Amino acid sequence: MARELGARGMKVLVLEARGRIGGRIEPGTLAGEHIELGGGWFGPGQDLVARELRRYSLTTTEDVHATRMVMPGPDGYVSHSPQEAGARLNSLFADFYAGSEQRFERPYEPLYRKDLLSSVDRVSLADRITQLGLSGVDHDWVSGATSVFAGGNRTGSLTGLAQWYQLAGGTYDRFLSVMSQLPQGGMIAILERMLRESGATVSLNSPVTAIRERGGLTHVQVRGGRVYQAPVVVLATPVNMWSTLTFEPGLPKVYADAAREGLGVPHATKLWLRVRGTSEAVSAQAPEGAPILLLIPQKQLPDGRIFVAFTGPSLDVSDRQAVHAAVRGLLPEARVVEYRAKEWHKDPYARGGWGLRRPGQLLRQLPDIQQPFGRIVFAGGDIASGWNGAFVEGALESGFRAAEQAATLAG
C-alpha cells in the first residue's frame, strides 16, 4: 500500500507500533536456521504473492513433505502413510464442506451467491460437526483439523473455512497445498523490498492511540502524545486492535461491531522445536483440546530435525516440561532440545492470531467494512474479500484496494 501511494506521488509516513516492520509476519531463528514466527507460507493460486516474488526476483522453496502421518485412533495415535491419511481426510472434508461449491461459486466474490449464505453463515465449525453426527475417530480427525485454523471450533464460522476451501480448489489436499511454498529469505523479504521501493518514512515504536477528524484533516496521536496531521489515514492494524483506539467521530456500527467482536482467532500459538531422537519427516495431528494440535516437519539437522507446531490453549508454552511431554505424546521417540514460541493472542499489537470470520460476520460485514469512513481507509488481511485472515495474499489484496481509496480521498 505504501509503495502504491508513493508511486502516485504521495508522501507516505508509516507509523509502526513495534520496533520492527512486518506485523503478524515475524522472522526468527532456531538452531541457526530461519523460522517464521508469524505468516510464512503461500501456495498455488495466490497470484498476488507470486507477482511480488517475480517483481523482486525472489525464488521459493517447497516445504518438507511428510513421510508418515500420526493421527488419532480408537486407542491413542496411529501411524498412516500420507496417501492413506490424505484420502481419508479428503473424504471427510468433502462431506464437511458439501454445498460450499455452490455457496462460493465465485470464491473471490464471497457475496456472489448471497441468497445461499443466509441459512449457513451463523453456523460455527462446532455446529457443523454436530450436524454431521461425527463421532469417534472421524470426529477427532475433523475437529483437530478445523480447530487449528479457528483457535476453537465454536469461534470459527463454517463459511469462513468453506470459502478458503473453495479458493484452494475444493479438496482438502489442495487446501493444504496453499501452505506449501516459502519465499527466499522468508516472507519479510517481500515486505522489505516493497518498503524500500515505496520511499516511505517509517517511524518505529509509534503505536497509535487516537484518530480524530478536524477541519478536513485527520489527526493521528501516538503514544507519548505526539500528533501527526494528514489529508487521509490508512488504518492497517488487525481488527482486534480497533477496540484499543479512540476514534472521533465514533465508528459506525459495522466497524464498532467488528471491533467489539474481533476477527483474529482467540488462541494462536506457533511453536518451533529442535528435536533429537528422530530425523524422520513425520507430521502429527491431534483432536481439538489436545496440547499440540498439529506438528509439521521442517528442516532436517545432523542430529535431528526442526518441527513447527500449533498448540491448543491447554498447553502452557512457558512450561518446558509440559512442552516436552506434549511432543512425546505424539512422537514418543522425540526429545526436545530447544524451542521458540509466539503467542499471538498475547501480543499487545495483535491481540489475536490470523483473522477468521466468526459466525454471522460475513453477511453483516461485507462489503461495508471495506469502505472508508470519513478520511480513514481500512486495510489488512482480516477484511480481504478473497484469501482473508491467515494469508499474505489477502493482505496484498486489501492493500491495493486501500491505496486506490486513499488516493481518491486525497484528491
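Our structure is the block above this text.
Residues numbered from 1 in each chain as written. Predicted model: local features only at pLDDT ≥ 70, side-chain atom pairs only at ≥ 80, totals over all residues. Heavy atoms only, no water.

Draft legend 1. Expanded view of the sheet that holds strand β11 (residues 227-230). The sheet built from four strands is open, its strands ordered β11-β10-β9-β13 with mixed pairing. Single-partner strands in this sheet number two, and they are β11 and β13 (246-248). For this sheet, the mean inter-axis angle between neighbouring strands, taken without regard to orientation, is 15°. Across six bridges, strand β9 (residues 208-214) lies against strand β10 (residues 217-222) in antiparallel orientation. Following the sheet pairing, arginine 212 is matched in β10 by histidine 219. (Pairing = 2+ DSSP bridges. Helix = DSSP H or I, 4+ residues; strand = E, 2+ residues; numbered from the N terminus. Axes fitted to C-alpha atoms, helices over the stretch in contact; angles between N-to-C directions.)

Draft legend 2. Layout of the pairing of β9. The antiparallel pairing of β9 with β10 creates a hairpin that spans two residues between the two strands, and glycine 215 there sits at a positive phi of about 60°. Note: β9 against β13, three bridges, orientation parallel. Bridge assignment links arginine 212 to a residue of β13, and that residue is glutamate 248.

Draft legend 3. Representation of the pattern of salt bridges within the structure. Enumeration according to the criterion identifies 27 salt bridges in this entry. Of the charged contacts in the structure, one is a salt bridge between glutamate 52 and arginine 3, with a shortest N-O distance of 2.7 Å. Linking glutamate 52 in helix α2 (residues 47-55) with arginine 3 in helix α1 (residues 2-7), this pair joins segments that are 49 residues apart in sequence. Here glutamate 52 and arginine 3 have matching classes, each one buried. (Salt bridge = Lys/Arg side-chain N within 4 Å of Asp/Glu carboxyl O. Buried < 20%, exposed > 50% of the residue type's maximum accessible area, 1.4 Å probe, protein only.)

Draft legend 4. Broad picture of the side chain of serine 203. Mapped onto the fold, serine 203 is located in strand β8 (residues 201-203). A polar contact of 2.7 Å, which involves the side chain of serine 203, links it to the side chain of serine 206. Those residues within four positions of serine 203 in sequence are excluded, and the remaining contacts are Leu13, Val14, Leu15, Glu16 and Tyr228. (Polar contact = N/O pair within 3.5 Å; in protein donor to acceptor, adjacent residues only side chain to side chain. Contact = heavy atoms within 4.5 Å.)

Draft legend 5. The arrangement of the nonpolar core in detail. Within the largest apolar cluster, 73 residues are counted, with the highest numbers of intra-cluster contacts made by Phe93, Trp164, Trp242 and Phe378. In contact with tryptophan 242, other than residues within four places in its own chain, are Leu235, Thr237, Phe247, Tyr255, Ala258, Ala259, Ile369 and Phe378. Formed by 22 residues, the second largest nonpolar core is a distinct cluster that contains Val275, Val282, Leu295 and Val323. (Core = buried A, V, L, I, M, F, W, Y, C linked by side-chain atoms within 4.5 Å.)

Draft legend 6. A look at helix α14 (residues 392-410). Taking 1.5 Å of rise per residue, the 19 residues of α14 would be expected to cover 27 Å, and the 26 Å separating its terminal C-alpha atoms lies within 8% of that figure. Phi turns positive one or two residues past the end of α14, at glycine 411, with a value near 75°. (Expected span 1.5 Å × (residues − 1).)

Draft legend 7. Up close: the sheet that holds strand β16 (residues 292-301). Strand order in the open sheet formed by seven strands is β6-β5-β15-β16-β17-β14-β18, with mixed pairing between adjacent strands. The open sheet terminates on both sides in strands that have one partner only, identified here as β6 (76-80) and β18 (335-343). Shown here is a sheet whose adjacent strand axes are inclined to one another by a mean of 20°, direction ignored. The sheet contact formed by strand β14 (residues 269-276) and strand β17 (residues 304-311) spans six bridges and is antiparallel. Among the inter-strand pairings, arginine 274 is bridged to a residue of β17, identified as isoleucine 306. Helix α12 (residues 320-330) contacts β5 (68-73), β6, β14, β15 (282-285), β16 and β18 of the sheet and is inclined by roughly 110° relative to β18.

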